[in-house]
Amino acid sequence: MIVFREPRDVPADFGPSVVAIGKFDGVHAGHRAVIRRLKEIAEATGTRSVAVTFDRNPLAVLRPDRCPENVVTVERKLELLSELDLDATLLLTFDAELASRSAEDFVTGILVDALQVSTVLVGRDFRFGRGGAGTPELLRRLGPEHGFSVEVVDDVFLDGSDRRVSSTWIRELLMDGDVAAAARVLDRHVDVRGEVVHGLKRGRELGFPTANLSASVDSFVPADGVYAGWLVDHHTGLRHRAAISVGTNPTFDDVLERQVEAHVIGEQDLDLYGQDVTVEFVERLRGMVAFEGIEKLKDQMAADVTDAERVLARVDG
(Lines give C-alpha, C1' and ligand atoms only; values in the text may rest on other atoms or scores of the structure.)
Protein backbone atom coordinates (compact mmCIF):
# COMPACT_ATOMS: atom_id res chain seq x y z
CA MET A 1 0.00 0.00 0.00
CA ILE A 2 1.30 3.42 -0.98
CA VAL A 3 1.05 6.14 1.68
CA PHE A 4 0.67 9.71 0.44
CA ARG A 5 1.22 12.42 3.04
CA GLU A 6 -0.11 15.32 0.97
CA PRO A 7 -2.42 15.63 -2.05
CA ARG A 8 0.50 16.90 -4.14
CA ASP A 9 2.32 13.61 -3.51
CA VAL A 10 -0.27 11.76 -5.61
CA PRO A 11 1.06 11.24 -9.17
CA ALA A 12 -0.94 12.89 -11.92
CA ASP A 13 -1.63 9.53 -13.55
CA PHE A 14 -2.59 7.71 -10.32
CA GLY A 15 -6.39 7.79 -10.72
CA PRO A 16 -9.19 7.23 -11.27
CA SER A 17 -9.96 5.99 -7.76
CA VAL A 18 -12.67 4.88 -5.38
CA VAL A 19 -12.26 6.71 -2.06
CA ALA A 20 -13.44 6.06 1.50
CA ILE A 21 -13.06 8.95 3.93
CA GLY A 22 -12.94 8.63 7.70
CA LYS A 23 -10.88 8.68 10.90
CA PHE A 24 -10.45 4.89 10.77
CA ASP A 25 -9.35 4.85 14.42
CA GLY A 26 -8.80 1.20 15.34
CA VAL A 27 -9.73 -0.01 11.84
CA HIS A 28 -12.64 -1.83 13.46
CA ALA A 29 -15.38 -4.04 12.05
CA GLY A 30 -17.32 -1.03 10.75
CA HIS A 31 -14.28 0.36 8.95
CA ARG A 32 -13.54 -3.07 7.50
CA ALA A 33 -17.07 -3.26 6.08
CA VAL A 34 -16.46 0.09 4.34
CA ILE A 35 -13.11 -1.12 2.96
CA ARG A 36 -14.65 -4.37 1.69
CA ARG A 37 -17.28 -2.39 -0.19
CA LEU A 38 -14.61 0.00 -1.46
CA LYS A 39 -12.59 -2.87 -2.90
CA GLU A 40 -15.66 -4.44 -4.50
CA ILE A 41 -16.36 -1.24 -6.41
CA ALA A 42 -12.71 -0.72 -7.32
CA GLU A 43 -12.37 -4.27 -8.67
CA ALA A 44 -15.63 -4.00 -10.63
CA THR A 45 -14.64 -0.69 -12.21
CA GLY A 46 -10.90 -1.21 -12.61
CA THR A 47 -10.04 1.78 -10.42
CA ARG A 48 -7.70 2.36 -7.49
CA SER A 49 -8.85 1.77 -3.90
CA VAL A 50 -7.90 4.62 -1.57
CA ALA A 51 -8.57 5.51 2.07
CA VAL A 52 -8.42 9.19 3.00
CA THR A 53 -7.78 9.72 6.70
CA PHE A 54 -6.12 12.06 9.17
CA ASP A 55 -2.94 12.09 11.23
CA ARG A 56 -4.93 12.83 14.41
CA ASN A 57 -8.48 13.02 15.62
CA PRO A 58 -9.89 16.32 14.26
CA LEU A 59 -11.12 17.07 17.78
CA ALA A 60 -7.47 17.43 18.83
CA VAL A 61 -7.50 20.68 16.86
CA LEU A 62 -11.16 21.69 16.99
CA ARG A 63 -12.09 20.74 20.58
CA PRO A 64 -9.03 19.42 22.44
CA ASP A 65 -10.99 19.38 25.71
CA ARG A 66 -13.33 16.77 24.19
CA CYS A 67 -10.77 14.73 22.26
CA PRO A 68 -10.61 11.07 23.40
CA GLU A 69 -7.51 8.92 23.43
CA ASN A 70 -6.94 7.17 20.13
CA VAL A 71 -7.58 3.43 19.92
CA VAL A 72 -4.36 3.10 17.90
CA THR A 73 -1.49 5.38 16.90
CA VAL A 74 -1.41 6.74 13.38
CA GLU A 75 1.45 4.36 12.52
CA ARG A 76 -0.60 1.38 13.68
CA LYS A 77 -3.61 2.65 11.75
CA LEU A 78 -1.54 2.67 8.56
CA GLU A 79 -0.31 -0.89 9.28
CA LEU A 80 -3.88 -2.11 9.75
CA LEU A 81 -5.07 -0.41 6.57
CA SER A 82 -2.16 -1.90 4.63
CA GLU A 83 -3.26 -5.39 5.77
CA LEU A 84 -6.55 -4.82 3.92
CA ASP A 85 -4.79 -4.64 0.52
CA LEU A 86 -5.70 -1.08 -0.38
CA ASP A 87 -3.83 0.54 -3.24
CA ALA A 88 -3.13 3.68 -1.22
CA THR A 89 -3.93 5.78 1.82
CA LEU A 90 -3.81 9.57 1.76
CA LEU A 91 -2.90 10.66 5.29
CA LEU A 92 -3.86 14.31 5.69
CA THR A 93 -2.32 16.51 8.36
CA PHE A 94 -5.28 17.83 10.31
CA ASP A 95 -4.19 21.31 11.34
CA ALA A 96 -5.77 24.77 11.48
CA GLU A 97 -5.28 25.18 7.73
CA LEU A 98 -7.14 21.99 6.86
CA ALA A 99 -9.83 22.74 9.45
CA SER A 100 -10.47 26.11 7.78
CA ARG A 101 -10.71 24.66 4.28
CA SER A 102 -14.22 24.76 2.86
CA ALA A 103 -16.03 21.52 2.16
CA GLU A 104 -16.24 22.41 -1.56
CA ASP A 105 -12.49 23.05 -1.71
CA PHE A 106 -11.83 19.76 0.07
CA VAL A 107 -13.82 17.96 -2.61
CA THR A 108 -12.28 19.70 -5.61
CA GLY A 109 -8.69 19.99 -4.38
CA ILE A 110 -8.29 16.57 -2.75
CA LEU A 111 -10.90 14.17 -4.09
CA VAL A 112 -11.24 15.45 -7.66
CA ASP A 113 -7.92 17.06 -8.61
CA ALA A 114 -5.52 14.80 -6.68
CA LEU A 115 -7.34 11.45 -6.61
CA GLN A 116 -9.60 11.73 -9.67
CA VAL A 117 -12.37 10.17 -7.64
CA SER A 118 -15.10 8.18 -9.35
CA THR A 119 -16.95 6.99 -6.20
CA VAL A 120 -16.87 8.34 -2.64
CA LEU A 121 -17.85 6.18 0.33
CA VAL A 122 -18.67 7.79 3.67
CA GLY A 123 -20.56 6.93 6.82
CA ARG A 124 -23.95 8.46 7.45
CA ASP A 125 -22.65 10.81 10.16
CA PHE A 126 -19.38 11.80 8.48
CA ARG A 127 -18.63 15.53 8.36
CA PHE A 128 -15.78 17.41 6.74
CA GLY A 129 -14.71 20.93 5.78
CA ARG A 130 -14.91 24.19 7.67
CA GLY A 131 -17.56 24.10 10.37
CA GLY A 132 -18.47 20.52 9.46
CA ALA A 133 -20.41 21.82 6.44
CA GLY A 134 -19.46 18.80 4.34
CA THR A 135 -22.12 16.09 4.50
CA PRO A 136 -23.15 13.12 2.38
CA GLU A 137 -25.88 15.35 0.93
CA LEU A 138 -23.32 17.94 -0.15
CA LEU A 139 -21.23 15.23 -1.79
CA ARG A 140 -24.30 14.06 -3.69
CA ARG A 141 -24.93 17.61 -4.94
CA LEU A 142 -21.32 18.04 -6.07
CA GLY A 143 -21.02 14.59 -7.61
CA PRO A 144 -22.71 15.21 -10.99
CA GLU A 145 -20.69 18.38 -11.53
CA HIS A 146 -17.37 16.61 -10.94
CA GLY A 147 -18.17 13.17 -12.30
CA PHE A 148 -18.33 11.05 -9.16
CA SER A 149 -21.02 9.08 -7.37
CA VAL A 150 -21.58 8.78 -3.62
CA GLU A 151 -22.36 5.72 -1.52
CA VAL A 152 -23.36 6.12 2.11
CA VAL A 153 -22.34 3.01 4.03
CA ASP A 154 -24.79 1.79 6.66
CA ASP A 155 -23.76 1.41 10.27
CA VAL A 156 -22.49 -2.03 11.26
CA PHE A 157 -24.07 -3.94 14.16
CA LEU A 158 -22.79 -7.12 15.77
CA ASP A 159 -25.13 -10.09 15.86
CA GLY A 160 -27.44 -9.73 18.84
CA SER A 161 -26.50 -6.10 19.53
CA ASP A 162 -28.44 -2.92 18.88
CA ARG A 163 -25.39 -0.68 19.31
CA ARG A 164 -23.47 0.35 16.23
CA VAL A 165 -19.78 -0.50 15.99
CA SER A 166 -17.67 2.52 16.90
CA SER A 167 -14.32 3.56 18.33
CA THR A 168 -16.16 4.99 21.34
CA TRP A 169 -17.60 1.58 22.15
CA ILE A 170 -14.17 -0.02 21.83
CA ARG A 171 -12.63 2.47 24.26
CA GLU A 172 -15.41 1.79 26.77
CA LEU A 173 -14.85 -1.96 26.54
CA LEU A 174 -11.09 -1.59 26.94
CA MET A 175 -11.52 0.65 29.98
CA ASP A 176 -13.65 -2.15 31.46
CA GLY A 177 -11.03 -4.75 30.55
CA ASP A 178 -13.48 -6.63 28.34
CA VAL A 179 -10.96 -7.54 25.64
CA ALA A 180 -13.06 -10.44 24.37
CA ALA A 181 -15.99 -8.14 23.53
CA ALA A 182 -13.61 -5.49 22.16
CA ALA A 183 -12.12 -8.10 19.83
CA ARG A 184 -15.56 -8.76 18.36
CA VAL A 185 -16.06 -5.04 17.71
CA LEU A 186 -12.56 -4.70 16.28
CA ASP A 187 -12.82 -7.93 14.27
CA ARG A 188 -9.32 -8.80 15.53
CA HIS A 189 -7.52 -9.36 18.83
CA VAL A 190 -6.85 -6.38 21.07
CA ASP A 191 -3.09 -5.89 20.96
CA VAL A 192 -0.28 -3.52 21.88
CA ARG A 193 3.16 -3.39 20.32
CA GLY A 194 6.35 -2.07 21.87
CA GLU A 195 9.94 -2.73 22.80
CA VAL A 196 10.87 -5.05 25.67
CA VAL A 197 12.76 -3.08 28.30
CA HIS A 198 14.44 -3.88 31.60
CA GLY A 199 12.15 -3.76 34.62
CA LEU A 200 12.66 -4.52 38.31
CA LYS A 201 13.09 -8.24 37.45
CA ARG A 202 10.70 -9.09 40.27
CA GLY A 203 8.85 -11.63 38.15
CA ARG A 204 12.05 -13.58 37.60
CA GLU A 205 12.75 -13.54 41.35
CA LEU A 206 9.26 -14.97 41.94
CA GLY A 207 9.71 -17.70 39.33
CA PHE A 208 7.61 -16.04 36.63
CA PRO A 209 9.93 -13.94 34.43
CA THR A 210 8.14 -11.33 32.35
CA ALA A 211 8.78 -9.28 29.24
CA ASN A 212 8.08 -5.66 30.19
CA LEU A 213 6.94 -3.37 27.39
CA SER A 214 8.14 0.22 27.21
CA ALA A 215 5.68 2.94 28.18
CA SER A 216 5.44 3.90 24.50
CA VAL A 217 3.10 1.42 22.82
CA ASP A 218 0.98 1.72 19.69
CA SER A 219 -2.54 1.10 21.01
CA PHE A 220 -4.97 1.83 23.83
CA VAL A 221 -3.96 -0.32 26.83
CA PRO A 222 -6.82 -2.25 28.50
CA ALA A 223 -7.79 -1.83 32.14
CA ASP A 224 -5.50 -3.01 34.92
CA GLY A 225 -5.69 -6.72 35.50
CA VAL A 226 -4.41 -10.11 34.44
CA TYR A 227 -5.17 -11.54 31.00
CA ALA A 228 -4.64 -14.65 28.92
CA GLY A 229 -3.09 -13.97 25.56
CA TRP A 230 -0.12 -14.22 23.27
CA LEU A 231 3.29 -12.64 22.85
CA VAL A 232 4.52 -12.32 19.28
CA ASP A 233 8.29 -11.93 18.87
CA HIS A 234 8.76 -10.01 15.62
CA HIS A 235 12.47 -10.92 15.51
CA THR A 236 11.83 -14.68 15.35
CA GLY A 237 8.22 -14.65 14.17
CA LEU A 238 7.29 -16.96 17.05
CA ARG A 239 3.95 -16.62 18.86
CA HIS A 240 4.06 -17.66 22.51
CA ARG A 241 1.26 -18.38 24.99
CA ALA A 242 1.32 -15.77 27.74
CA ALA A 243 -0.16 -14.63 31.02
CA ILE A 244 -0.28 -10.83 30.83
CA SER A 245 -0.37 -8.26 33.60
CA VAL A 246 -1.39 -4.63 33.20
CA GLY A 247 -1.01 -2.15 36.06
CA THR A 248 1.37 -0.84 38.68
CA ASN A 249 1.90 -3.96 40.85
CA PRO A 250 0.01 -2.87 44.00
CA THR A 251 1.51 -5.63 46.15
CA PHE A 252 4.85 -3.80 46.13
CA ASP A 253 3.56 -0.28 45.44
CA ASP A 254 6.82 0.86 43.83
CA VAL A 255 5.89 0.95 40.14
CA LEU A 256 5.07 4.54 39.22
CA GLU A 257 3.61 4.01 35.72
CA ARG A 258 1.15 1.48 34.35
CA GLN A 259 2.99 -1.21 32.48
CA VAL A 260 2.23 -4.17 30.28
CA GLU A 261 4.24 -7.29 31.12
CA ALA A 262 3.86 -10.76 29.70
CA HIS A 263 5.03 -14.06 31.18
CA VAL A 264 5.71 -16.51 28.37
CA ILE A 265 4.25 -19.78 29.60
CA GLY A 266 6.71 -22.64 29.81
CA GLU A 267 9.79 -20.45 29.26
CA GLN A 268 12.22 -19.41 31.99
CA ASP A 269 15.27 -18.27 29.99
CA LEU A 270 13.75 -16.48 26.99
CA ASP A 271 15.79 -13.32 26.32
CA LEU A 272 13.58 -10.68 24.71
CA TYR A 273 15.32 -7.50 25.87
CA GLY A 274 15.40 -4.91 23.12
CA GLN A 275 13.07 -6.95 20.92
CA ASP A 276 9.99 -5.57 19.17
CA VAL A 277 6.98 -7.60 20.37
CA THR A 278 3.21 -7.53 20.18
CA VAL A 279 1.10 -8.59 23.14
CA GLU A 280 -2.35 -9.91 22.15
CA PHE A 281 -5.13 -9.99 24.76
CA VAL A 282 -7.63 -12.85 24.55
CA GLU A 283 -9.56 -12.83 27.85
CA ARG A 284 -9.42 -11.04 31.19
CA LEU A 285 -8.78 -13.43 34.07
CA ARG A 286 -9.11 -11.08 37.03
CA GLY A 287 -8.64 -7.52 38.25
CA MET A 288 -5.47 -6.19 39.83
CA VAL A 289 -5.27 -6.58 43.60
CA ALA A 290 -2.66 -6.24 46.35
CA PHE A 291 -1.70 -9.47 48.14
CA GLU A 292 -0.65 -9.91 51.75
CA GLY A 293 2.78 -11.44 51.39
CA ILE A 294 4.96 -12.92 48.67
CA GLU A 295 3.71 -16.50 49.02
CA LYS A 296 0.09 -15.54 48.36
CA LEU A 297 1.20 -13.56 45.33
CA LYS A 298 3.22 -16.53 43.99
CA ASP A 299 0.27 -18.87 44.51
CA GLN A 300 -1.99 -16.50 42.59
CA MET A 301 0.55 -16.12 39.77
CA ALA A 302 0.69 -19.91 39.41
CA ALA A 303 -3.12 -20.00 39.31
CA ASP A 304 -3.12 -17.22 36.68
CA VAL A 305 -0.79 -19.23 34.46
CA THR A 306 -3.04 -22.29 34.79
CA ASP A 307 -6.11 -20.20 33.96
CA ALA A 308 -4.35 -18.64 30.96
CA GLU A 309 -3.38 -22.10 29.67
CA ARG A 310 -7.00 -23.24 29.99
CA VAL A 311 -8.32 -20.21 28.10
CA LEU A 312 -5.77 -20.47 25.32
CA ALA A 313 -6.34 -24.21 24.94
CA ARG A 314 -10.04 -23.50 24.47
CA VAL A 315 -9.34 -20.78 21.90
CA ASP A 316 -6.94 -23.02 19.98
CA GLY A 317 -9.40 -25.86 20.09
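Residues numbered from 1 in each chain as written. Predicted model: local features only at pLDDT ≥ 70, side-chain atom pairs only at ≥ 80, totals over all residues. Heavy atoms only, no water.

Caption draft 1: The arrangement of the side chain of E261 in detail. Within the fold, E261 resides in strand β11 (residues 259-264). The buried category is assigned to E261, whose relative accessible area is 13%. A polar contact is formed between the side chain of E261 and the side chain of T210, at a distance of 2.8 Å. Within polar-contact distance, the side chain of E261 engages the side chain of Q259 at 3.2 Å. If near-sequence neighbours (up to four positions away) are discounted, E261 is found in contact with T210, A211, N212, A243, I244 and S245. (Helix = DSSP H or I, 4+ residues; strand = E, 2+ residues; numbered from the N terminus. Buried < 20%, exposed > 50% of the residue type's maximum accessible area, 1.4 Å probe, protein only. Polar contact = N/O pair within 3.5 Å; in protein donor to acceptor, adjacent residues only side chain to side chain. Contact = heavy atoms within 4.5 Å.)

Caption draft 2: Representation of the pattern of salt bridges. Across all of its chains, the model carries 22 salt bridges by this definition. The residue R37 makes a salt bridge to E40 at a minimum N-O spacing of 3.1 Å. Here R37 and its partner E40 are both found in helix α1 (residues 29-45), 3 residues apart, which amounts to about one turn of the helix. Residue class for R37 comes out partly exposed when judged on its relative accessible area of 31%. Between E151 and R37 there is a salt bridge whose closest N-O contact spans 2.7 Å. Placement of the pair is E151 in strand β6 (residues 149-153) and R37 in helix α1, with a sequence separation of 114 residues. (Salt bridge = Lys/Arg side-chain N within 4 Å of Asp/Glu carboxyl O.)

Caption draft 3: A look at the pairing of strand β3 (residues 48-54). With 6 of 7 residues buried, β3 is to be regarded as a mostly interior element. Of the crossover connections in this fold, the one passing from strand β2 (residues 17-21) over α1 to the parallel β3 is right-handed. Relative to strand β4 (residues 88-92), β3 runs parallel, the two sharing 5 bridges. Bridging across to β4, A51 finds its partner in T89. (Right-handed = clockwise from strand over helix to strand, strands pointing away. Pairing = 2+ DSSP bridges.)

Caption draft 4: The sheet that holds strand β5 (residues 117-123), seen in detail. Across the sheet, which stays open at both edges, the 6 strands sit in the order β1-β4-β3-β2-β5-β6 with parallel pairing between neighbours. Edge positions in the sheet fall to β1 (2-4) and β6, since each has one partner strand and no second. For this sheet the average axis-to-axis angle between neighbouring strands, irrespective of direction, equals 20°. Note: β2 against β3, 5 bridges, orientation parallel. The residue bridging S17 from the neighbouring strand is R48, located in β3. Contacting β2, β3, β5 and β6, α1 crosses the sheet at an angle of about 170° to β2. The sheet strands contacting helix α3 (residues 74-82) are β1, β3 and β4, and the helix crosses β4 at an angle near 160°. (Axes fitted to C-alpha atoms, helices over the stretch in contact; angles between N-to-C directions.)

Caption draft 5: Structural context of helix α8 (residues 179-186). For α8, a buried count of 6 out of 8 residues is recorded, marking the element as mostly surrounded by other parts of the structure. Every buried residue of α8 is accounted for by V179, A181, A182, A183, V185 and L186. Tucked into the core, α8 has its buried residues touching α1, α7 (167-175), β7 (190-197), β9 (225-233) and β12 (276-286). Remark: D187 follows α8 within two positions and exhibits a positive phi of approximately 65°.

Caption draft 6: Main features of the packing of α7 against α8. Packing of α7 against α8 brings their axes to within 8 Å, and their N-to-C directions diverge by 160°. Considering their axes alone, α7 and α8 lie roughly antiparallel with respect to each other. Note on packing geometry: the crossing formed by α7 with α8 is left-handed. Counting all contacts with α7, which are made through W169, I170, L173 and L174, the residues of α8 involved are V179, A181, A182, V185 and L186. The residue makeup of the contact of α7 with α8, split by class, is 9 nonpolar, no polar and no charged. (Parallel < 35°, antiparallel > 145°, perpendicular 65-115°, else oblique. Left-handed = near helix turned anticlockwise from the far one by under 90°. Nonpolar A, V, L, I, M, F, W, Y, C, P; charged D, E, K, R; others polar.)

Caption draft 7: Structural detail: the packing of helix α5 (residues 103-114) against helix α6 (residues 136-146). Following both chains from N to C, one finds α5 and α6 inclined at 50°, their axes separated by 11 Å at the closest point. Comparing their axes, α6 and α5 come out oblique. Like other packed secondary-structure pairs, α5 and α6 cross with a definite hand, here right-handed. Of the residues in α6, those in contact with A103, E104, V107, T108, L111 and V112 of α5 are L138, L139, L142 and H146.

Caption draft 8: Structural detail: the sheet that holds β12. One closed barrel holds the 6 strands; their spatial order is β7-β8-β11-β10-β9-β12, and the pairing between them is antiparallel. This sheet shows a mean twist of 45° between the axes of neighbouring strands, independent of strand direction. Direction of pairing for β7 relative to strand β8 (residues 211-213): antiparallel, over a ladder of 2 bridges. Bridge pairing in β8 places V197 opposite N212. Its contacts with the sheet place α8 against β7, β9 and β12, and it is angled at close to 120° to β12.

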